[in-house]
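Geometric and topological summary
Listed here are the chains, written in short residue letters.
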Amino acid sequence: MNGRFLLDTNVFVYSFDRSAPAKARKATELIRRAVASGKGIVSYQVAQEFFNVALRRFARPMTVAEAEQYLATVFRPLIAVHSSQALYAEGLRLSERYRLSWCDALIVAAVIEGQCNLLYTEDLQHGQRFEGVRVENPFR
């Protein structure tokens with residue numbers, strides 16, 4: 001095992017959630033570990049989904065300047081999987097094989113492409129496995 005892991009969008013959203021301090025602490029810890037260790041990654045999809053929420057749906061939405069700073073300091077070192085025809089094809093295959101939603105299939109495809117062993121998310125079943133990748137809900 002290489003110890004690489006992918007953080008799903010909900011981890012980043014919870015890191016800003018003042019109404020759930022335990023989740024915010026856990027999320028912040030995971031993000032810090034991802035950046036500091038160099039073993040954590042995200043896909044382009046995670047950044048897109050996060051900014052969609054952060055800029056419009058946070059209790060106090062991020063300003064563009066705050067979003068640019070977060071992109072530079074947090075996402076830039078983590079983004080390792082970009083959109084590609086191969087990623088979409090793998091997403092389609094995984095969607096059919098495991099009966100996943102399109103967004104979940106793309107996340108699993110990104111975990112596989114990023115050569116990760118672990119996916120941190122609350123969107124899939126804790127302990128579930130997809131082709132050598134284990135799902136862990138860090139907020140259980």
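**Some thoughts on the pairing of strand β6 (residues 133-136)**
- Burial of β6 is one-sided: the residues Val-133 and Val-135 facing one way are buried, the residues Arg-134 and Glu-136 facing the other way are not.
- Relative to β6, strand β4 (residues 118-120) is paired through three bridges, and the arrangement is parallel. Looking at β6, one finds that Leu-118 is bridged to Arg-134.
- Across two bridges, the pairing between strand β5 (residues 129-130) and β6 is antiparallel. Opposite Phe-130, over in β6, you have Val-133 as the bridge partner.
- Counting the residues in the hairpin turn of β5 and β6 gives two residues, including Glu-131, whose phi is positive at 50°.

**Thoughts on the layout of surface pockets**
- Looking at the largest pocket, its volume works out to about 400 Å³.
- Lining the largest pocket are Val-13, Tyr-14, Phe-16, Asp-17, Arg-18, Val-53, Arg-57, Phe-58, Ala-59, Arg-60, Met-62 and Glu-66.
- Of the residues assigned to the lining of the largest pocket, the class counts are seven nonpolar, no polar and five charged.

**Thoughts on the packing of aromatic side chains**
- On inspection of all chains with the given rule, the structure shows 15 aromatic pairs.
- Ring centres of Phe-12 and Phe-75 lie 4.8 Å apart, and the angle between their planes is 40°; this geometry places the pair in the tilted category. Separated by 63 residues along the polypeptide, Phe-12 in helix α1 (residues 9-14) and Phe-75 in helix α4 (residues 64-78) bring together distant segments of the chain. Neither residue differs from the other here; Phe-12 and Phe-75 are each classed as buried.
- One Lys or Arg, Arg-33, reaches over the ring of Phe-5 and ends 4.9 Å from the middle of that ring.

**Some words on the sheet that holds β4**
- One open sheet holds the six strands; their spatial order is β3-β2-β1-β4-β6-β5, and the pairing between them is mixed. For this open sheet the edge positions go to β3 (79-81) and β5, each flanked by a neighbour on one side alone.
- Two elements, strand β1 (residues 5-7) and strand β2 (residues 40-43), share two bridges in a ladder whose sense is parallel. The residue bridging Leu-6 from the neighbouring strand is Ile-41, located in β2.
- Each of β1, β2 and β3 touches helix α3 (residues 44-56); the most contacted strand, β2, lies at about 70° to it.

**Here we look at the environment of Arg-76**
- Secondary-structure assignment places Arg-76 in helix α4.
- Look at Arg-76 and you get exposed, because its relative accessible area is 55%.
- When the C-alpha atoms of Arg-76 and Ile-41 are compared, they prove to be 9.9 Å apart, with 35 residues separating the residues in sequence.

**Describing helix α5 (residues 85-98)**
- If you check α5, its first and last C-alpha atoms are 20 Å apart, about what 14 residues at 1.5 Å a residue would give, namely 20 Å.
- Residues of α5 that are buried include every one of Leu-87, Glu-90, Gly-91 and Leu-94, and no others. Considered in projection along α5, the buried side chains sweep an arc of 105° and stay on one side of the axis. Facing away from the buried side of α5 by over 90 degrees, the exposed positions are Gln-85, Leu-92 and Glu-96.
- Looking at the buried side of α5, the elements it contacts are α3, β3 and α6 (102-113).

Cut-offs used in this document
Residues numbered from 1 in each chain as written. Predicted model: local features only at pLDDT ≥ 70, side-chain atom pairs only at ≥ 80, totals over all residues. Heavy atoms only, no water. Buried < 20%, exposed > 50% of the residue type's maximum accessible area, 1.4 Å probe, protein only. Helix = DSSP H or I, 4+ residues; strand = E, 2+ residues; numbered from the N terminus. Pairing = 2+ DSSP bridges. 1 Å grid on protein atoms, 1.4 Å probe; cavity = no way out; pocket = protein on both sides within 12 Å on 5 of 7 lines; lining within 4 Å. Points joined across faces, edges and corners; volume = space filled by probe spheres on them. Nonpolar A, V, L, I, M, F, W, Y, C, P; charged D, E, K, R; others polar. Phe/Tyr/Trp six-rings, centres within 6.5 Å; stacked < 30°, edge-to-face > 60°. Lys NZ or Arg CZ within 6 Å of the ring centre and 35° of its normal. Contact = heavy atoms within 4.5 Å. Axes fitted to C-alpha atoms, helices over the stretch in contact; angles between N-to-C directions. Expected span 1.5 Å × (residues − 1). Arc of directions from axis to C-beta.

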